[in-house]
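# Geometric and topological summary
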Amino acid sequence: MLLAMAVELCLLLLLFCGSTISEVQPIYKPPPGTLDFGFVPARTYDTGAYHEPGPIGILFKIVHAFLYLVQPNSFPQDLIRKLAQQKFGNTQSDYQKAIYYEIGFIVCAALGLLFILLLPLVGLCFCMCRCCDNCGGEMHQRQKKNADCQRSCFATFLFVASLIISVGVLCAYAANQHLTSQIRGAKKLVNSNFKDLKIFLNDTPAQIDYLVSQYNTTKDKALSDLNNVGPLLGSRVQEQLGKEVRPALDAALTMAGAIRETKEALENVSVSVEVLQEGTERLHANLTDVKMHLSNTLNDSACSAVQAASTCNIIRNSLSQLNINANFTGLPGVSSQLAKVNEVLKVDLSSLVQKGYAAFNDTPDLVVNQTRNILSDIKNVLESIGANISSFTKTLPVQKILADLTVYLTQSEAYVQDYFPVVEQYDFYRWLGCLILCCMVVLILIFYYLGLLCGTCGYDKHASPTTRGCISNTGGNFLMAGAGFSFLFSWLLMIVVVLTFVTGGNVEKLVCEPFEDKTLFKVLDTPYLLNQHWKNYLSGILFKNPNINLTFEKVYSDCKENKGIYTSLHLENLFNVNEFLNISMYTEDVALKIEHIQINLSKIILLDEIGKENLLNFSSSGIDGINFSAYLTEINKSVTKVDLLSFANDLEARADQLPKGALENALKGHANNIRMIHNQQVVPLEQAMKYVKARSTLNQSIRLLKRTSSELMVKVKNVVSAVNAAQLLINNNASQVIVQETKKFMDTVIGYFEQYVEWVTESIAMEVAACKPIANVIDTAVDIFLCSYVTDSVNTFWFGLGGSSMFLIPAIIFAVKLSKYYRRMDTEDVYDDMENGNNGYHKEHLYGIHNPVITSSVEQW
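Residues numbered from 1 in each chain as written. Predicted model: local features only at pLDDT ≥ 70, side-chain atom pairs only at ≥ 80, totals over all residues. Heavy atoms only, no water.

Evaluated as defined, the whole model comprises 7 salt bridges. Residue Asp 558 is joined to Lys 563 by a salt bridge in which the shortest nitrogen-to-oxygen separation is 3.5 Å. Residue classification places Asp 558 among the buried positions, given a relative accessible area of 3%. For Lys 563, the salt bridge identified is with Glu 561, shortest N-O distance 3.5 Å. The class for Lys 563 is buried, based on a relative accessible area of 18%. Salt bridges here are not isolated pairs; linked through shared partners, they connect Lys 554, Asp 558, Glu 561 and Lys 563. (Salt bridge = Lys/Arg side-chain N within 4 Å of Asp/Glu carboxyl O. Buried < 20%, exposed > 50% of the residue type's maximum accessible area, 1.4 Å probe, protein only.)

In structure tokens form, the structure reads like this:
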């Protein structure tokens with residue numbers, strides 16, 4: 001009934017959720033933004049389907065080990081299947097297999113039956129024998145030299161046997177108490193299961209509502225994207241077009257910067273050349289003047305003398321070195337190129353390019369303005385979907401079905417609660433009966449322990465058998481009483497042991513162990529087992545289709561893992577979620593609306609004709625006609641052809657070679673003038689910041705102009721071509737980009753619905769109506785109650801009681817033997833000391849009591 005209720009509830013859930021969602025197959029499916037639907041509300045179930053027996057678990061394990069020794073065979077699946085199909089016994093081998101499987105139980109049960117039959121019979125015969133003064137019934141004891149040793153051995157063996165019997169009865173008592181305490185505590189476990197089932201029913205509507213409410217998350221995200229269609233769709237279109245537009249505008253902006261740099265470089269060249277020309281012209285004039293005066297001096301008659309002629313000739317030949325080396329006056333001017341560049345700069349090309357950037361960056365705003373009406377229609381469609389969901393939910397009888405299930409569950413709980421006191425009452429009767437059995441053994445043990453205590457404490461080794469004390473005699477009587485009660489009770493104990501052993505042992509082997517390793521489910525899942533016309537019984541019951549592969553094992557395992565009931569019961573065969581999770585009925589209108597979005601970007605002007613003409617004018621400014629090599633050659637030259645300081649020193653050294661006189665002094669005066677020109681003009685030209693900066697600026701500017709002018713016409717044409725190509729893309733081919741990006745945008749929006757579908761599907765399979773309580777009910781009934789509570793306790797009870805019963809046999813023997821040493825005898829044997837000539841015969845009259853002749857050396861019972 002619970003299974004049928006779960007199926008009905010799941011069908012209702014799937015029908016409810018199926019009306020809200022759908023599925024499409026887009027050609028391109030980009031990964032949309034991940035939606036956070038949160039967690040399906042679910043409370044934790046209280047029932048822990050696991051039982052920890054505590055210290056008594058050690059006894060349970062010992063019993064399990066004993067049962068394994070008795071029955072080591074594997075679970076007889078074939079025999080169980082034949083028995084269920086009523087085919088058992090068709091062949092002789094079936095009985096042979098059954099006997100082989102049960103051989104351990106059969107042997108043990110046969111021994112128990114033999115015990116039940118023989119022990120009362122032996123007891124009866126023993127009593128009759130003693131009544132005839134045989135079997136130890138005669139109150140006469142033959143004296144032996146090893147009597148003390150025998151008495152000690154019999155007492156020790158009886159004490160050990162009594163201890164073993166005590167351990168056995170304690171085990172039986174502990175198992176009896178454990179079963180009662182567990183049954184009394186089972187009410188809490190049963191209530192916990194009912195509580196979990198109520199949670200299962202009560203949480204399901206909230207889970208359904210949560211699944212439906214999360215449609216708003218999908219709708220809100222879709223509306224958010226639609227409200228931000230400019231930044232989303234517009235940015236996508238802009239990003240695709242920007243792959244060609246931005247490089248073209250960047251190139252145009254770079255060219256505008258190159259024009260400004262060219263103007264600055266031309267101005268720097270003009271100013272630097274003027275500064276350098278000014279310095280070199282003054283130096284050239286001074287060097288020319290010095291060279292002229294030095295030449296006049298060398299033309300003096302004193303140079304005609306033999307001593308000075310060679311020196312004067314050397315000096316005269318070196319006068320050509322007194323000249324400037326870098327001549328900036330001969331460099332061509334750049335005024336015409338500068339004038340053309342200034343004319344080009346009258347048009348602010350950078351401003352025109354920035355206008356192109358601004359127009360292109362307004363793409364998102366164009367998208368917003370041109371899609372306003374369509375987006376309004378899409379929002380209306382989404383709102384209508386939400387309205388349809390709300391109206392559909394009101395037509396489903398969710399509360400009615402759940403109310404019926406809750407009423408049934410409440411009635412079941414009430415029935416269990418009413419029946420539970422009856423269970424406890426019958427358990428009390430069982431507990432009392434088992435306690436009486438334990439008390440029977442305890443009574444026997446009391447007689448044995450009292451017999452041992454009294455016999456041991458009251459025994460006097462100096463007293464003869466006929467003069468033993470009252471305490472010793474009482475001990476012997478207790479031992480005989482224990483033996484007598486053993487004969488009376490042992491067969492009854494063994495009947496209970498055999499019955500519980502056969503029942504409990506087979507339940508453990510045929511139910512509990514197969515349930516634990518799921519072999520029992522495999523047997524239940526055998527085709528045509530429970531119904532000869534159905535291949536799969538469970539699917540036949542649920543779906544009326546026995547060909548569906550639905551097994552007890554899979555259902556139990558899935559519920560054990562707390563999966564949803566849809567997955568556990570394979571309800572897709574009854575209600576295929578894929579047929580109901582079809583969002584095309586809702587997204588078709590949305591897709592059509594989005595596909596009709598048309599965006600016109602023809603108003604975007606990247607660079608107008610004035611800007612393009614300005615670029616072409618710059619390419620024809622003539623900077624590529626500048627003689628850059630002439631400039632670079634002069635820049636790299638030194639200021640003078642010779643180092644003036646070295647020249648002056650050399651001139652002064654030559655003057656020292658001349659005879660003393662006016663010629664020597666005149667040459668030294670010219671040397672000093674050259675030094676002065678070097679210090680006052682050459683050094684400043686080489687080191688003064690003004691000239692150094694002019695030379696450096698001229699060098700940098702010339703090189704910049706050289707780089708800029710390199711293939712300037714080709715560069716400008718490439719920039720104009722790139723701008724024209726980007727403009728052509730916007731005017732003619734933007735529609736393709738817009739359609740492509742619109743399709744991606746549509747897939748993104750629809751992707752939110754697909755995420756919702758996937759989430760709902762996963763939630764239905766794993767979280768909604770999680771059937772862990774159903775598995776817990778099965779575990780509670782079989783694994784915990786039947787196996788852990790009842791079977792383990794019953795098996796431990798018969799194990800302890802059976803052990804005690806078995807050790808009653810040696811205890812009877814030792815007790816009867818030992819009692820002869822404790823009880824007061826009527827007659828006894830008296831022997832003379834061998835050293836005094838005793839011939840081994842007894843005296844005729846001892847203590848006035850007739851003593852019969854006993855010729856046998858073996859004492860009889």
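Position of Lys 522 among the secondary structure elements: in helix α15 (residues 519-524). Taking the C-alpha atoms as reference, Lys 522 lies 8.3 Å from Thr 551; in sequence the two are 29 residues apart. With residues up to four places along the chain from it excluded, the contact list for Lys 522 reads Arg 81 and Glu 553. (Helix = DSSP H or I, 4+ residues; strand = E, 2+ residues; numbered from the N terminus. Contact = heavy atoms within 4.5 Å.)

A separate point is the state of the cysteines. Scanning the model with the defined rule gives 2 disulfides in all. Across the disulfide, Cys 512 is cross-linked to Cys 787 (sulfur-sulfur distance 2.1 Å). Here Cys 512 and Cys 787 share a disulfide; its torsion about the S-S bond, -100 degrees, makes the bridge left-handed. You can see Cys 512 sitting in helix α14 (residues 470-516) and its partner Cys 787 sitting in helix α27 (residues 772-806), a full 275 residues away along the chain. Take Cys 512: its relative accessible area is 5%, and that puts it in the buried class. On the basis of relative accessible area, Cys 787 is assigned to the buried category, the value being 5%. Cys 457 provides the cysteine sulfur closest to Cys 454, a residue in no disulfide bond, and the two sulfurs are 7.2 Å apart. (Disulfide = S-S within 2.5 Å.)

Phi angles above zero are rare outside glycine, and Lys 518 is one such case at about 65 degrees. Here Lys 518 shows up in the loop between α14 and α15. Backbone geometry places Asn 562, a non-glycine residue, at a positive phi of 65 degrees. Position of Asn 562 relative to the elements: it lies in the loop between α17 (552-560) and α18 (565-568).

Turning to the environment of Phe 154, a few remarks are in order. Here Phe 154 is to be found in helix α5 (residues 147-213). Overall, Phe 154 belongs to the buried group, its relative accessible area being 17%. Each C-alpha atom, one on Phe 154 and one on Ala 815, is 7.5 Å from the other, the two residues being 661 residues apart in sequence.

Checked against the element boundaries, Thr 791 lands in helix α27. Not counting residues within four places of it along the chain, the set of residues in contact with Thr 791 comprises Gly 504, Val 507, Glu 508, Cys 512 and Leu 786.

To continue, consider the packing of aromatic side chains. Under the criterion given, the structure shown has 21 aromatic pairs. Between Tyr 210 and Trp 759, the ring centres sit 6.0 Å apart and the planes meet at 65 degrees, which makes this aromatic pair edge-to-face. In this pair, Tyr 210 sits in helix α5 while Trp 759 sits in helix α26 (residues 712-766), placing the two residues 549 residues apart along the sequence. Trp 759 matches Tyr 210 in its accessibility class, with the two residues each being buried. Here the aromatic cluster, defined as three or more aromatic residues joined through ring pairs, consists of Phe 66, Phe 105, Phe 501, Trp 798 and Phe 799. (Phe/Tyr/Trp six-rings, centres within 6.5 Å; stacked < 30°, edge-to-face > 60°.)

A word on the nonpolar core. By size, the foremost hydrophobic cluster in this structure holds 49 residues, and its most contacted members are Ile 565 and Trp 759. It is α26 that provides the largest number of residues to this core, a total of 8 residues. Excluding residues within four positions of it along the chain, Trp 759 makes contact with Phe 37, Gly 38, Val 40, Tyr 210, Leu 211 and Gln 214. Within the second largest apolar cluster, 48 residues are counted, among which are Ala 109, Cys 434, Tyr 448 and Phe 489. (Core = buried A, V, L, I, M, F, W, Y, C linked by side-chain atoms within 4.5 Å.)

As a further point, take the confidence of the model for the chain. In the predicted model, the chain carries a mean pLDDT of 74, and the fraction of residues at 70 or more is 68%. Within the chain, helix α1 (residues 2-18) has the poorest average pLDDT of any element, 38, and helix α2 (residues 57-70) the best, 92. Contacts for the low-pLDDT stretch residues 832-861, under 50 throughout, to residues beyond four places or in other chains number 48 contacts. (pLDDT = per-residue confidence, 0-100.)

Of the pockets and cavities examined, the largest pocket occupies roughly 600 Å³. Taken together, 22 residues form the lining of the largest pocket, with His 64, Glu 516, Asp 783, Ser 788 and Asp 792 sitting closest to its centre. Elements with a contribution of two residues or more to the lining of the largest pocket: α2, α14, α17 and α27. Grouping the amino acids of the lining of the largest pocket by side-chain chemistry returns 9 nonpolar, 4 polar and 9 charged. Here the second largest pocket defines a volume of roughly 500 Å³. In terms of lining, the second largest pocket is formed by 23 residues, of which the most central are Phe 66, Phe 799, Gly 802, Gly 803 and Met 806. (1 Å grid on protein atoms, 1.4 Å probe; cavity = no way out; pocket = protein on both sides within 12 Å on 5 of 7 lines; lining within 4 Å. Points joined across faces, edges and corners; volume = space filled by probe spheres on them. Nonpolar A, V, L, I, M, F, W, Y, C, P; charged D, E, K, R; others polar.)

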